[in-house]
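Here are the chains, one letter per residue:
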Amino acid sequence: MTHGPASADTILRAEVSRVGPELILATKPYAVDSTAKSWWYLLSTAVFLAVAAWAPLYIPDWLLVLEIAFSVLTGLLLLRLFVIYHDQQHHAILPKSKVAEWMMRGFGIIALSPSSIWRASHNHHHNHNSKIKGSHIGSFPIMTLDHFQKASKSARWIYLFMRHPVTIFSGYLTVFMHGMCLRPFIMKPREHWDCLLALMLHAGLGAWLLMFHGWDDWLLVQVIPHAIASAIGSYLFYAQHNFPDVSFYDKSGWTYDRAALESSSHLKTGPVMAWFTANIGLHHIHHLNARIPFYRLPEAMAAIPELRNPKVTTLLPRDILRCLRLKVWDVKKQRMVGLDESDA
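Residues numbered from 1 in each chain as written. Predicted model: local features only at pLDDT ≥ 70, side-chain atom pairs only at ≥ 80, totals over all residues. Heavy atoms only, no water.

A. Up close: helix H13 (residues 256-263). Listed as buried for H13 are Asp257, Ala259, Ala260, Leu261 and Ser263. Taken together, the buried residues of H13 touch helix H2 (20-26) and helix H15 (283-288). (Buried < 20%, exposed > 50% of the residue type's maximum accessible area, 1.4 Å probe, protein only. Helix = DSSP H or I, 4+ residues; strand = E, 2+ residues; numbered from the N terminus. Contact = heavy atoms within 4.5 Å.)

B. Layout of the pattern of salt bridges. Evaluated as defined, the whole model comprises nine salt bridges. Where arginine 18 meets glutamate 306, a salt bridge forms, and the shortest distance between an N and an O atom there is 2.8 Å. With arginine 18 in the loop between helix H1 (5-16) and H2 and glutamate 306 in the loop between helix H16 (297-303) and strand E2 (312-314), this pair connects stretches of sequence that are 288 residues apart. A relative accessible area of 12% means that glutamate 306 is categorised as buried. With a closest N to O distance of 3.1 Å, arginine 119 and glutamate 101 form a salt bridge. Residue arginine 119 is found in helix H6 (residues 115-128), and its partner glutamate 101 is found in helix H5 (residues 98-110); the two are separated by 18 residues along the sequence. (Salt bridge = Lys/Arg side-chain N within 4 Å of Asp/Glu carboxyl O.)

C. Broad picture of the packing of helix H4 (residues 64-89) against H6. Contact geometry of H4 with H6 gives a least axis separation of 11 Å together with a crossing angle of 70°. Between H4 and H6, the angle is such that the two are roughly perpendicular. The chirality of how H4 crosses H6 is right-handed. The residues of H6 that touch H4, namely those facing Phe82, Tyr85, His86, Gln88 and Gln89, are Ser115, Trp118, Arg119 and His122. Taken together, the residues of the contact of H4 with H6 sort by class into three nonpolar, five polar and one charged. (Axes fitted to C-alpha atoms, helices over the stretch in contact; angles between N-to-C directions. Parallel < 35°, antiparallel > 145°, perpendicular 65-115°, else oblique. Left-handed = near helix turned anticlockwise from the far one by under 90°. Nonpolar A, V, L, I, M, F, W, Y, C, P; charged D, E, K, R; others polar.)

D. Quick look at the layout of surface pockets. Each pocket or cavity is described by its volume, and for the second largest pocket that value is around 410 Å³. What lines the second largest pocket is a set of 20 residues, among which Leu49, Ala53, Trp54, Leu78 and Ile110 lie closest to the centre. Those elements that provide at least two residues to the lining of the second largest pocket are helix H3 (35-58), H4, H5, helix H11 (193-212) and helix H12 (215-239). Ranked by residues supplied to the lining of the second largest pocket, first place goes to H3 with six residues. (1 Å grid on protein atoms, 1.4 Å probe; cavity = no way out; pocket = protein on both sides within 12 Å on 5 of 7 lines; lining within 4 Å. Points joined across faces, edges and corners; volume = space filled by probe spheres on them.)

E. Representation of a nonpolar patch on the surface within the structure. Taken together, the side chains of Trp54, Tyr58, Trp208, Met211 and Phe212 define a hydrophobic patch exposed on the protein surface, amounting to about 660 Å² of accessible area. Elements with a minimum of two residues in the nonpolar patch: H3 and H11. When residues of the nonpolar patch are assigned to their parent elements, the largest contribution, three residues, is made by H11. Relative to the helices and strands, phenylalanine 212 is located in helix H11. Taking the relative accessible area as the measure of exposure, phenylalanine 212 reaches 56% and is therefore exposed. (Patch = residues over 30% accessible without salt bridge, like charges linked within 9 Å, V, L, I, M, F, W, Y side chains within 5 Å. Areas by Shrake-Rupley, 256 points an atom, 1.4 Å probe, with all protein chains shown as cover.)

F. Broad picture of the confidence of the model for the protein chain. Looking at the protein chain, the pLDDT average stands at 91 and 93% of residues meet or exceed 70. Contacts from residues 1-15, a stretch scored under 50 in pLDDT, to residues over four places away or in other chains number two contacts. (pLDDT = per-residue confidence, 0-100.)

G. Quick peek at the packing of aromatic side chains. For the structure shown, the criterion picks out 20 aromatic pairs. Centre to centre, the rings of phenylalanine 148 and tyrosine 159 are 5.9 Å apart; their planes meet at 55°, and the pair counts as tilted. One end of the pair, phenylalanine 148, is in helix H7 (residues 145-150); the other, tyrosine 159, is in helix H8 (residues 153-162), with eleven residues separating them in the sequence. A residue is classified by how much of its surface remains accessible, and phenylalanine 148, at 2% relative accessible area, is buried. (Phe/Tyr/Trp six-rings, centres within 6.5 Å; stacked < 30°, edge-to-face > 60°.)

H. Summary view of empty space enclosed by the protein. Inspection of the entire model under this criterion finds two cavities of 30 Å³ or more. What the largest cavity holds in volume is close to 290 Å³. Taken together, the elements giving at least two residues each to the lining of the largest cavity come down to H4, H6 and H12. Counting residues per element, the lining of the largest cavity draws most heavily on H12, which supplies six residues. Here the residues of the lining of the largest cavity sort into twelve nonpolar, eleven polar and no charged.

I. Quick look at the nonpolar core. Of all hydrophobic cores here, the largest spans 53 residues; its most connected members are Phe82, Phe107, Tyr235, Tyr238 and Met336. Counting residues per element, this core draws most heavily on H4, at nine residues. Excluding anything up to four places from it in sequence, tyrosine 235 contacts Ile168, Phe169, Leu315, Asp319, Ile320, Cys323 and Leu324. The next biggest cluster of nonpolar side chains, apart from the first, holds 14 residues, and it includes Ala26, Leu261, Ile292 and Leu307. (Core = buried A, V, L, I, M, F, W, Y, C linked by side-chain atoms within 4.5 Å.)

J. Summary view of helix H10 (residues 172-187). Of all bends in H10, the biggest is about 50°, found at histidine 178. Those residues of H10 hidden inside the fold are in contact with H4, H6, helix H9 (165-169), H11 and H12. (Bend = angle between axes of the 7 residues up to and from the residue.)

As structure tokens, then:
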């Protein structure tokens with residue numbers, strides 16, 4: 001009996017067919033952080049952010065282009081540190097460090113995503129991703145076509161408003177200030193006291209900038225950076241689970257690994273945006289094992305065959321438009337569709 005190439009092919013096919021707990025187990029060697037690397041990425045990003053954020057206050061006004069460049073850079077660095085914060089909240093990096101925990105709790109308040117609401121909503125999102133019912137917490141709501149057609153006008157309006165491009169790209173006000181701070185505090189003030197603190201901090205910072213530096217520095221230091229970070233972050237939330245090839249399931253068809261691989265996109269970017277988004281575009285891997293540090297996600301993808309053929313979207317305008325036009329889940333067609341494709 002020969003054990004040549006045919007046997008090797010059989011072994012490869014067996015590896016590629018791993019699903020469920022076996023596939024998740026294959027990711028376990030990559031779910032270990034390097035303390036030195038994690039601290040370097042966290043601290044270096046925080047220092048770069050601090051320098052970029054305050055630079056417009058010290059640059060002469062006649063160098064407006066340079067001030068704007070630093071303002072945009074601040075927004076992108078806020079985005080990167082937010083993903084690092086997101087990893088720390090998952091205990092993917094520095095899981096035992098109390099210093100990192102309190103630093104990141106402070107950043108969560110600055111980023112209008114306090115730890116109390118972020119952990120509760122985001123953990124729910126990971127455990128219910130791609131379910132037709134129950135996936136709206138920590139993500140954008142999903143209606144089936146049939147449900148949408150039977151819903152009241154007010155329910156339809158609210159649903160479409162929450163998924164509207166203006167709502168997504170106005171994330172500083174809609175997703176973060178209202179959705180992650182004001183609403184949780186109003187609903188559960190004792191549990192989400194840090195949400196009130198975040199709102200007070202932003203109001204106080206805005207008042208200080210306006211009073212002592214003027215409206216131009218208020219825009220450059222606070223408004224533009226947070227608007228950029230929130231807009232990109234909100235769109236990432238959306239496109240990672242609302243893209244043309246996404247799948248949704250009822251309870252009988254749902255499994256954790258299927259939700260990760262079939263309902264989470266690989267949002268491809270160039271190396272610069274991959275750095276600013278801290279590899280969060282490899283979202284299918286993150287959903288399969290949220291304990292993998294962001295800097296090890298490419299390593300896991302390269303090593304595990306099952307992760308190399310994800311469902312892909314990009315930040316190219318045509319792909320952004322394709323994602324934004326998706327409105328409801330068509331059960332018959334088993335895909336997301338726009339309202340112009342339905343009878344609604």
